[in-house]
Amino acid sequence: EVQLVESGGGLVHPGRSLRLSCATSGFTFDVYAIHWVRQSPGKGLEWVSGVSWNSDSLGYGDSVKGRFTVYRDNAKKSVFLEMNSLRPEDTAIYYCVKHSSGSFFEGGFHLWGQGTAVTVS
Amino acid sequence: QSALTQPASVSASPGQSITLSCTGSSSDVGSYKLVSWFQHHPGKAPKLIIYQATLRPSGVSNRFSASKSGNTASLTISGLQPDDEADYYCCSYAGGDTFVFGGGTKLTVL
């Protein structure tokens, strides 16, 4: 069974840092791109960041560029989101999402984890 | 990265068909086939229902279909069922290794 399990969320003060982890199982991790998507309370989905299978493609949403860093460890079958200079508007549920291909240029956001909640206050 | 434009809410009766729109620009929807649609029941993980503008993942009902013309993508749900009541989001590749979502449409099945 394909699983994506997010962890690392919690309550953090503005200006501080937090690292989210996405542990995966049930598929060949190192051939798929992975994304982070968030949903703030009462708002819609927002793409945060993504990394291709070989990390050649790394992208960030405008609202987090320069503050967040995504990276993957294929040996650990995990993706991480380092979040610095956190703001109250970063408060959201953060979802780890498996793309259906290794690159961003085909397929779609195929499978979603259950999310981890981040509160900046 | 400007969010794609979706109507905030729509409603329809069981058995009817409905079409949801998603309007972007020449920088995203208009330039790439990489448009996806997601169904999101509150409290659950979103579900991919359309990818690459018109393709349905395995296991998704053929009551869901989609198209793209110019800067606008559309999702049609036929034979509406009570369980179709959910939030629907579109998403497009926007160049430069980035993606952009729409604001979402709340579908009410009366």
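Residues numbered from 1 in each chain as written. Chains lettered and ligands numbered in written order. Predicted model: local features only at pLDDT ≥ 70, side-chain atom pairs only at ≥ 80, totals over all residues. Heavy atoms only, no water.

Draft legend 1. Structural context of the sheet that holds strand S3 (residues 18-25) of chain A. All names here are of chain A. Across the sheet, four strands lie side by side as S1-S3-S8-S7; this open sheet has antiparallel pairing. The sheet terminates laterally at strand S1 (3-7) and strand S7 (68-73), the two strands that pair on one side only. Direction aside, neighbouring strands of the sheet carry axes that sit 15° apart on average. Sheet topology places S1 next to S3; five bridges connect them, and they run antiparallel. Residue pairing across strands places Val5 opposite Ala23, the latter belonging to S3. (Pairing = 2+ DSSP bridges. Helix = DSSP H or I, 4+ residues; strand = E, 2+ residues; numbered from the N terminus. Axes fitted to C-alpha atoms, helices over the stretch in contact; angles between N-to-C directions.)

Draft legend 2. Region of the structure containing unusual backbone geometry. Despite not being glycine, Lys77 of chain A shows a phi value in the positive range, around 55°. With respect to the helices, strands and loops of the structure, Lys77 of chain A is situated in the loop between S7 and strand S8 (78-83). Judged by relative accessible area, which is 41%, Lys77 of chain A ranks as partly exposed. One non-glycine residue, Asp97 of chain B, lies in the positive phi region at around 60°. Structurally, Asp97 of chain B is set in the loop between strand S7 (86-93) and strand S8 (99-101). (Buried < 20%, exposed > 50% of the residue type's maximum accessible area, 1.4 Å probe, protein only.)

Draft legend 3. Layout of the interface of chain A and chain B. On the side of chain B, 20 residues touch chain A, which itself brings 26 residues to the contact. The junction of chain A with chain B conceals about 1800 Å² of combined surface from both sides, 63% of it contributed by carbon and sulfur atoms. Of all residues in chain A, Leu45, Trp47 and Phe109 of chain A bury the most surface against chain B, accounting for 30% of the area lost on that side. Summed over the shared surface of chain A and chain B, the number is three residue pairs in polar contact (both at pLDDT 80 or more). Among the secondary structure elements, those contributing two or more residues to the side of chain A that touches chain B are strand S4 (34-39), strand S5 (45-51), strand S6 (58-60), strand S9 (92-99) and strand S10 (109-112) of chain A. For the side of chain A that touches chain B, the residue count by class is ten nonpolar, twelve polar and four charged. (Contact = heavy atoms within 4.5 Å. Buried area = accessible area lost by both parts, 1.4 Å probe. Polar contact = N/O pair within 3.5 Å; in protein donor to acceptor, adjacent residues only side chain to side chain. Nonpolar A, V, L, I, M, F, W, Y, C, P; charged D, E, K, R; others polar.)

Draft legend 4. Examining the state of the cysteines more closely. Residues and elements named next belong to chain A. All chains considered together, the criterion is met by two disulfides over all chains. The partner cysteine of Cys22 in its disulfide is Cys96, sulfur to sulfur 2.0 Å. Every disulfide takes its handedness from the sign of the S-S torsion; for Cys22 and Cys96 that torsion is -75°, giving left-handed. Linking Cys22 in strand S3 with Cys96 in strand S9, this pair joins segments that are 74 residues apart in sequence. (Disulfide = S-S within 2.5 Å.)

Draft legend 5. Expanded view of the pairing of S7 of chain B. Residues and elements named next belong to chain B. Of all eight residues making up S7, eight are buried, and the element is well covered by its neighbours. Note: S7 against strand S9 (residues 105-109), three bridges, orientation antiparallel. Considered in S9, the bridge of Ala86 is made with Leu107. Counting the residues in the hairpin turn of S7 and S8 gives five residues, including Gly95, whose phi is positive at 85°.

Draft legend 6. Geometry of the nonpolar core. In this structure, Ile18, Trp37, Ile49, Leu75, Ile77, Tyr88 and Leu107 of chain B are the most contacted members of the largest nonpolar core, which totals 25 residues. Not counting the four nearest positions on each side in its chain, Ile77 of chain B is found in contact with Gln16, Ser17, Ile18, Arg63, Phe64, Asp84, Tyr88 and Leu107 of chain B. Within the second largest apolar cluster, 24 residues are counted, among which are Phe27, Tyr60, Phe68 and Cys96 of chain A. (Core = buried A, V, L, I, M, F, W, Y, C linked by side-chain atoms within 4.5 Å.)

Draft legend 7. Main features of the environment of Pro42 of chain B. All names here are of chain B. Note on placement: Pro42 falls in the loop between strand S3 (35-40) and strand S4 (47-50). Given the relative accessible area of 62%, Pro42 is considered exposed. Taking the C-alpha atoms as reference, Pro42 lies 7.4 Å from Ala86; in sequence the two are 44 residues apart.

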